[in-house]
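Residues per chain, in single letters:
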Amino acid sequence: MAKQKKSGGKKNAPAISVITSMYNMEKYVTDCLESLLAQTFQDFEVLVADDGSTDNSVAVVSAFAPKFEGRLKLIRMKKNTGFPGVPRNEAMKVATGKYITFLDSDDLLTENALEYLYNVAEEKNAEVIHVERYYTCDESGGNRQVTSFQKGPYVEEPTIEPENTGERINNFINFRFLWWGANKLFRRDFLVKNGITFPAITAWEDFALLFCSLLKAKIYVRVPEILYIYRQRDTSLSHKARTAVEMVSNMIGSVRMMDKAMGKNEFLVKNPEYRYRFLDWYIQNRLIMICKGFYMADKWPSFQIDDYCRKLLFSVNPAENTSLLSYFFTRNLEFMVTLSQQNIHVQQLAKQISDLENKIKSLKPAE
């Protein structure tokens, strides 16, 4: 069991800051906080960042404060931002723990979660601890099952990820990383030093935070334990229906942050093909989801995806979007070349059909 810091005299900074953002979670936040009280490792603080809740969520959290004996802080946004990462960023500013972990306010941790993460981080001197799998449960908290949208194989013991940027990007593209911001432990000074925060977008903000951490971390550790319990709810923010415009804006916002991080990576500056490969994979992967929004929600013609993307890119300083602009222009050029080749092929087929029709006519007996 991990050693607990002794209290008394000058208050020591906690080992871990648990950050949870909240919006209208009065029905679930009790379970979340109870799972923290039940931890076998208690050297932590809880920072609950409320994003303008209109129900009794704040009252529920405030009632829990005495149980944490001064270790729970409530951070209230002036109004609802609508961006899941923004309240977390505010909590990160006041966090004092050596490490930071993120816990959604409708989810839970297993009893040994913080103890295990802390021990591995200290043993490996890790900057990031990456948990590969998690439990899912239904809305009532039952029917717990092990799952992951990361592809295996999974590690059998704490394993340091090779410090090879090209290999990490290839593994990312092949879904070898669970890209949640939750279900991980970050060393706080690592995040601060590298300016790693969540972008102000309504979805995929976790993607950007993890990718930037992956580019910067020297000691990135995978672990086999299953510590996080994800509550599946149809009304959760991750299941919220979004318009095609919003989805495109999210894609541009997240990819802009990741592209900026890649532009500061020495390996990617010298090997831009990896940078392009990642952009191509990410944008194409997101476009699959965006197209669903276009056709199912807004009924927009598909060609408007490209038009809207370009408007967003040119709405800010183009110098900040060099790789993205190159990507879209290259894609447009490829499309134009493909279209030109298809037109030539169609013309050739039309000529063959015309020749065959004339040939058939010449074979018909004269009347």
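Residues numbered from 1 in each chain as written. Predicted model: local features only at pLDDT ≥ 70, side-chain atom pairs only at ≥ 80, totals over all residues. Heavy atoms only, no water.

*Asks:* Mind showing me how you'd approach a positive patch on the surface here?
*Replies:* Residues Lys-193, Lys-216, Lys-260 and Lys-264 make up a contiguous surface patch of positive charge. Position of Lys-264 among the secondary structure elements: in the loop between α8 (244-263) and α9 (266-270). (Patch = residues over 30% accessible without salt bridge, like charges linked within 9 Å, V, L, I, M, F, W, Y side chains within 5 Å. Areas by Shrake-Rupley, 256 points an atom, 1.4 Å probe, with all protein chains shown as cover. Salt bridge = Lys/Arg side-chain N within 4 Å of Asp/Glu carboxyl O. Lys, Arg positive; Asp, Glu negative; His and termini not counted. Charge placed at Lys NZ, Arg CZ, Asp CG, Glu CD. Helix = DSSP H or I, 4+ residues; strand = E, 2+ residues; numbered from the N terminus.)

*Asks:* Any chance you could explain the sheet that holds strand β7 (residues 134-137) here in plain terms?
*Replies:* Strand pairing in a sheet is mediated by backbone hydrogen bonds. Such pairs are either parallel or antiparallel. On the basis of which strands lie adjacent, the open sheet formed by four strands has the order β5-β12-β7-β8 and mixed pairing. Every interior strand has two partners, whereas the edge strands, β5 (108-109) and β8 (145-147), have only one. The pairing of β5 with strand β12 (residues 228-231) spans two bridges and is antiparallel. Across the sheet, residue Leu-108 finds its bridge partner in β12, namely Ile-229. (Pairing = 2+ DSSP bridges.)

*Asks:* What is the right way to look at the sheet that holds strand β1 (residues 16-22) in this model?
*Replies:* Taken together, the eight strands give an open sheet; going across it, the order is β3-β2-β1-β4-β10-β6-β11-β9, and neighbouring strands pair in mixed fashion. Only two strands of the sheet have a single partner each, and these edge strands are β3 (72-76) and β9 (159-160). Where β1 meets strand β2 (residues 44-50), seven bridges bridge the pair, whose relative direction is parallel. For Ser-17, the partnering residue across the bridge sits in β2 and is Glu-45. Its contacts with the sheet place helix α1 (residues 29-37) against β1, β2 and β3, and it is angled at close to 165° to β2. Along the sheet, helix α2 (residues 57-64) contacts β1, β2 and β3; its crossing angle with β3, the most-contacted strand, is approximately 160°. (Contact = heavy atoms within 4.5 Å. Axes fitted to C-alpha atoms, helices over the stretch in contact; angles between N-to-C directions.)

*Asks:* Looking at this structure, how should I read the nonpolar core?
*Replies:* Across soluble globular proteins, you tend to see nonpolar side chains buried next to one another. Judged by nonpolar contacts, the single largest core of 47 residues is most densely connected at Phe-102, Phe-172, Phe-207, Phe-211, Phe-278 and Tyr-282. Within the residue set of this core, elements represented by two or more residues are β2, α3 (85-94), β4 (99-102), α5 (165-173), α6 (188-193), α7 (205-216), α8 and α10 (272-298). Apart from the residues within four sequence positions on either side, Phe-102 is in contact with Ile-19, Arg-88, Met-92, Gly-181, Ala-182, Asn-183, Lys-184, Phe-186, Phe-198, Leu-209 and Tyr-228. With 42 residues, the next largest nonpolar core counts Leu-33, Val-46, Ile-129 and Ala-182 among its residues. (Core = buried A, V, L, I, M, F, W, Y, C linked by side-chain atoms within 4.5 Å. Buried < 20%, exposed > 50% of the residue type's maximum accessible area, 1.4 Å probe, protein only.)

*Asks:* How should α7 be read in this particular structure?
*Replies:* Because the α-helix completes a turn every 3.6 residues, residues three or four places apart line up on one side. Between its first and last C-alpha atoms α7 spans 17 Å; for 12 residues at 1.5 Å apiece the expected length is 16 Å, and the two agree. Burial analysis of α7 places 11 of its 12 residues in the buried class, the great majority of the element. Glu-205, Asp-206, Phe-207, Ala-208, Leu-209, Leu-210, Phe-211, Cys-212, Ser-213, Leu-214 and Leu-215 are the residues of α7 that are buried. (Expected span 1.5 Å × (residues − 1).)

*Asks:* Looking at this structure, how should I read the environment of Gly-142?
*Replies:* In this fold, Gly-142 is placed in the loop between β7 and β8. C-alpha of Gly-142 to C-alpha of Arg-231: the two residues are 89 residues apart in sequence and 9.1 Å apart in space.

*Asks:* Even after reading the chapter, I still don't get the environment of Leu-33, so can you show me in this structure?
*Replies:* Among the secondary structure elements, Leu-33 is positioned in helix α1. Taking relative accessible area as the criterion, Leu-33 reaches 0% and is therefore assigned buried. The spacing of Leu-33 and Phe-68 is 35 residues in sequence and 9.5 Å in space, taken between C-alpha atoms.

*Asks:* Looking at this structure, I do not really get the pattern of salt bridges. What am I missing?
*Replies:* Note that side chains of opposite charge can pair when their charged atoms are close. Enumeration over the complete set of coordinates arrives at 14 salt bridges. A salt bridge links Arg-231 to Asp-31, with the shortest nitrogen-to-oxygen separation between them at 3.2 Å. Separated by 200 residues along the polypeptide, Arg-231 in strand β12 and Asp-31 in helix α1 bring together distant segments of the chain. Given a relative accessible area of 33%, Asp-31 falls into the partly exposed group. Between Glu-266 and Lys-270 there is a salt bridge, with the nearest N and O atoms lying 3.1 Å from each other. Of this pair, Glu-266 and Lys-270 both sit in helix α9, four residues apart, roughly one helical turn. Taken together, the shared-partner salt bridges in this structure form one network comprising Arg-88, Asp-104, Glu-205 and Asp-206.

*Asks:* Is there a simple way to think about the confidence of the model for the chain in this case?
*Replies:* The predicted coordinates ought not to be read in detail in places where the model reports low pLDDT. Considering every residue of the chain, the mean pLDDT works out to 83; 77% of them sit at 70 or more. Below a pLDDT of 50 lies the segment residues 5-10, which in the model reaches six contacts outside its immediate sequence neighbourhood of four places, other chains included. (pLDDT = per-residue confidence, 0-100.)

*Asks:* Explanation requested: the pairing of strand β11 (residues 220-223) in the structure shown.
*Replies:* Each regular strand carries side chains that alternate between the two faces of the sheet. In β11, alternate side chains face the same way, and those of Tyr-220 and Arg-222 on one face and Val-221 and Val-223 on the other are all buried. Relative to β11, strand β6 (residues 128-131) is paired through four bridges, and the arrangement is parallel. Bridge pairing in β11 links Ile-129 to Val-221. Strand direction decides the pairing type here: β9 and β11, joined by two bridges, are antiparallel. Within β11, the residue paired with Thr-159 across the bridge is Arg-222.

*Asks:* Can you help me understand the packing of α5 against α7 in this one?
*Replies:* A pair of packed helices is characterised by two quantities: the angle between their axes and the separation of those axes. With their axes 10 Å apart at the nearest point, α5 and α7 run at an angle of 155° to one another. One element, α5, and the other, α7, form an angle in the roughly antiparallel class. For the pair α5 and α7, the sense of crossing is right-handed. Within the contact between the two elements, α5 uses Thr-165, Arg-168, Ile-169 and Phe-172 and α7 uses Phe-207, Leu-210, Phe-211, Leu-214 and Leu-215. Each residue belonging to the contact of α5 with α7 can be placed in one class, and the counts come to seven nonpolar, one polar and one charged. (Parallel < 35°, antiparallel > 145°, perpendicular 65-115°, else oblique. Left-handed = near helix turned anticlockwise from the far one by under 90°. Nonpolar A, V, L, I, M, F, W, Y, C, P; charged D, E, K, R; others polar.)

*Asks:* What should I look at first to understand the packing of aromatic side chains in this one?
*Replies:* Two measures describe an aromatic ring pair: the distance that separates the ring centres and the angle between the ring planes. Taken as a whole and judged by the stated rule, the model has 25 aromatic pairs. Look at Phe-172 and Phe-211: their rings are 5.3 Å apart centre to centre, the planes differ by 85°, and that puts the pair in the edge-to-face class. Placement of the pair is Phe-172 in helix α5 and Phe-211 in helix α7, with a sequence separation of 39 residues. Take Phe-172 and Phe-211: they sit in the same class, and that class is buried. Between Trp-180 and Tyr-228, the ring centres sit 5.4 Å apart and the planes meet at 55°, which makes this aromatic pair tilted. Placement of the pair is Trp-180 in the loop between α5 and β10 (184-187) and Tyr-228 in strand β12, with a sequence separation of 48 residues. Note on accessibility: Trp-180 and Tyr-228 belong to one class, buried. Directly above the aromatic system of Tyr-154 lies the positively charged group of Arg-133, at a separation of 4.6 Å from the ring centroid. For Arg-277, the ring lying beneath its charged end belongs to Tyr-274, and the centroid distance is 4.8 Å. (Phe/Tyr/Trp six-rings, centres within 6.5 Å; stacked < 30°, edge-to-face > 60°. Lys NZ or Arg CZ within 6 Å of the ring centre and 35° of its normal.)

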